[in-house]
Protein chains: 2
Amino acid sequence: MAKIIKLNHVAIAIGDVNSALNFWQDALGLSVDHIEDVPSQKSEVVFMPVGETEVELVHPTSEDSGLARFVTEKGGGLHHLCFEVDDIDEMLDTLKEKGIRMIDEHAKELPGRKMAFIHPKSTGGVLVELYQIIK
Amino acid sequence: MAKIIKLNHVAIAIGDVNSALNFWQDALGLSVDHIEDVPSQKSEVVFMPVGETEVELVHPTSEDSGLARFVTEKGGGLHHLCFEVDDIDEMLDTLKEKGIRMIDEHAKELPGRKMAFIHPKSTGGVLVELYQIIK
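Keep in mind that this is a model prediction, so the values were computed, not measured. (Residues numbered from 1 in each chain as written. Chains lettered and ligands numbered in written order. Predicted model: local features only at pLDDT ≥ 70, side-chain atom pairs only at ≥ 80, totals over all residues. Heavy atoms only, no water.)

Break down the overall build of chain A for me, citing the residues and quoting the values.
Across its full length, chain A holds 3 helices and 8 strands. Sequence-ordered secondary structure for chain A, helices as α and strands as β, is β-α-β-β-β-α-β-α-β-β-β. The C-alpha radius of gyration computed for chain A amounts to 15 Å, which stays within 12% of the reference 14 Å derived for 135 residues, consistent with globular compactness. Each principal axis of the C-alpha atoms in chain A carries an extent, and together these give about 45 × 30 × 25 Å. (Helix = DSSP H or I, 4+ residues; strand = E, 2+ residues; numbered from the N terminus. Rg over C-alpha atoms; globule rule 2.2 N^0.38 Å.)

So what's going on with the layout of surface pockets? Residues and values would help.
Taken as a whole, the second largest pocket spans an internal volume of roughly 160 Å³. Here the residues of the lining of the second largest pocket sort into 7 nonpolar, 3 polar and 1 charged. (1 Å grid on protein atoms, 1.4 Å probe; cavity = no way out; pocket = protein on both sides within 12 Å on 5 of 7 lines; lining within 4 Å. Points joined across faces, edges and corners; volume = space filled by probe spheres on them. Nonpolar A, V, L, I, M, F, W, Y, C, P; charged D, E, K, R; others polar.)

Go over the packing of aromatic side chains, please, and point to the residues and values.
Within a pair of aromatic rings, the relevant descriptors are the distance that separates the centres and the angle that separates the planes. Overall, the coordinates contain 4 aromatic pairs over all chains when judged by the stated rule. Between A:Phe83 and B:Trp24 the ring centres are 6.2 Å apart and the planes differ by 65 degrees, which places this aromatic pair in the edge-to-face class. In this pair, A:Phe83 is assigned in strand E5 (residues 76-85) and B:Trp24 in helix H1 (residues 17-27), connecting two distinct chains. Like B:Trp24, A:Phe83 is buried. (Phe/Tyr/Trp six-rings, centres within 6.5 Å; stacked < 30°, edge-to-face > 60°. Buried < 20%, exposed > 50% of the residue type's maximum accessible area, 1.4 Å probe, protein only.)

An account of the confidence of the model for chain A is requested, with residue identities and associated values reported.
Within chain A, residue pLDDT values average 96, and 100% of them lie at 70 or more. Complex prediction metrics read pTM 0.96 and ipTM 0.96. (pLDDT = per-residue confidence, 0-100.)

Mind laying out the interface of chain B and chain A, listing which residues take part and the relevant values?
Of the residues lining the interface, 37 residues belong to chain B; the matching set on chain A comes to 37 residues. Each partner contributes to the roughly 2800 Å² buried at the junction of chain B and chain A, and carbon and sulfur atoms together form 78% of this total. Looking only at chain B, the three residues that lose the most surface to chain A are B:Phe23, B:Leu28 and B:Leu78, adding up to 21% of its buried area. Remark: the boundary between chain B and chain A carries 0 salt bridges. Classifying every residue of the side of chain B that touches chain A by side-chain character gives 22 nonpolar, 11 polar and 4 charged. (Contact = heavy atoms within 4.5 Å. Buried area = accessible area lost by both parts, 1.4 Å probe. Salt bridge = Lys/Arg side-chain N within 4 Å of Asp/Glu carboxyl O.)

How would you summarise helix H2 (residues 66-74) of chain B if you had to cite specific residues and measurements?
Residues and elements named next belong to chain B. Those residues of H2 that fall on the buried side of the exposure criterion are Leu67, Ala68, Phe70 and Val71. Down the axis, H2 shows its buried residues gathered within 160 degrees of arc, on one side only. In H2, the exposed residues that point more than 90 degrees away from the buried face are Thr72 and Glu73. (Arc of directions from axis to C-beta.)

Help me get a handle on the sheet that holds strand E3 (residues 43-50) of chain A, residues and values and all.
Residue and element names in this part refer to chain A. In space, the 8 strands of this open sheet follow the order E2-E3-E4-E1-E5-E8-E7-E6, with mixed pairing throughout. The open sheet has two edge strands, strand E2 (34-38) and strand E6 (108-110), and neither has a second partner. If you compare each strand with its neighbour and ignore which way they point, the axes differ by 30 degrees on average. Examined bridge by bridge, E6 and strand E7 (residues 113-118) share 3 bridges and lie antiparallel to one another. Bridging across to E7, lysine 108 finds its partner in methionine 115. Across the sheet, helix H1 (residues 17-27) is in contact with strand E1 (4-14), E3 and strand E4 (53-60); its angle to E3 comes to roughly 5 degrees. (Pairing = 2+ DSSP bridges. Axes fitted to C-alpha atoms, helices over the stretch in contact; angles between N-to-C directions.)

Give me the lowdown on the nonpolar core, citing residues and values where you can.
Soluble, globular proteins show a tendency: their nonpolar side chains are buried together. By size, the foremost hydrophobic cluster in this structure holds 70 residues, and its most contacted members are A:Trp24, A:Phe83, A:Leu130, B:Trp24, B:Phe83 and B:Leu130. When sequence neighbours within four positions are dropped, the list of residues in contact with B:Phe83 reads A:Trp24, A:Leu28, A:Val50, A:Val55, B:Ile4, B:Lys6, B:Leu7, B:Asn8, B:Val128, B:Glu129, B:Leu130 and B:Tyr131. (Core = buried A, V, L, I, M, F, W, Y, C linked by side-chain atoms within 4.5 Å.)

Please provide a residue-by-residue account of a negative patch on the surface, values included.
On the surface, a cluster of negative charge is made up of A:Asp86, A:Glu90, A:Asp93 and A:Glu97. Within the element layout of this structure, A:Glu97 appears in helix H3 (residues 88-97). (Patch = residues over 30% accessible without salt bridge, like charges linked within 9 Å, V, L, I, M, F, W, Y side chains within 5 Å. Areas by Shrake-Rupley, 256 points an atom, 1.4 Å probe, with all protein chains shown as cover. Lys, Arg positive; Asp, Glu negative; His and termini not counted. Charge placed at Lys NZ, Arg CZ, Asp CG, Glu CD.)

Quick rundown of H1(A)? Include the residues and the values.
Every buried residue of H1(A) is accounted for by A:Val17, A:Ala20, A:Leu21, A:Phe23, A:Trp24 and A:Ala27. Capping of H1(A) at its N-terminal end is provided by A:Asp16; its side-chain oxygen lies 3.3 Å from the backbone amide nitrogen of A:Asn18. (Polar contact = N/O pair within 3.5 Å; in protein donor to acceptor, adjacent residues only side chain to side chain.)

How would you sum up unusual backbone geometry? Please name residues and give values.
Notably, A:Lys42 is not glycine yet its phi reads approximately 50 degrees, a positive angle. On the basis of relative accessible area, A:Lys42 is assigned to the partly exposed category, the value being 32%.

Please give an account of the relation of the copies chain B and chain A that cites residues and values.
Least-squares fitting of chain B to chain A yields an RMSD of 0.0 Å, with the transformation described by 0.0 Å of translation along the axis and a rotation of 180 degrees. Put plainly, the chains are arranged around a two-fold axis. It is B:Leu78 whose C-alpha, among those of chain B, lies nearest the rotation axis, at 3.3 Å. An overlap of 100% is found between the interface residues of chain B and their copies at the interface of chain A, pointing to a shared contact surface. (Least-squares fit on C-alpha atoms with pLDDT ≥ 70 in both.)

Take a look at the structure:
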């Protein structure tokens, strides 16, 4: 059976990169590994490693995304959790068998990883992403 | 200067323990370490280790808490992040010097740890808890 390996990242939606860095980097002291434009997610992402996981500050770069609507409505905040799994296809089969509603019925393949989102309706209101890292 | 060591836990507010376990334990496959009544937080907590961090499912046991209002208003969802810091008193001094608004101006001492919450107004909408583990 497919297994969760670790928490890959916690994504925090932000309306403005500089004011987010004022808190997370300058006050709290987290280190920025890099900042990257991620067109597939219509966002700019600040990657901040914390131990074996990461805080990702995610800033929408388009107005037509769930992330952009989240920032418009709430101003920002905790957006999703991403767990690494050893076999994402098997995990998706298990979740669907158990009646869990998926945003992505099948894993999307991206360079270095496969990913899928689980619908918050099936998780008690938490947007959950799954990653399988492809070496 | 005080440093963040790791993400201690991600807290998820839940309205019902059994239906939360249906997803997090039975479908996603996370393991329950233990379930504990935490009177100081007016909650019952399901501790689920994931790598070096934990997912904590937090169920309010009283109606007069921020957590209870969160569950009543939103039904549940991502509630807060808790980071472990090597020196919480020094960290609180730094945060206050930088104008960060605290929920707890001074760390509370509990068995095995000192803790304080940062106000979401200063973090871009994220409730952030700090822990210093006392050995």
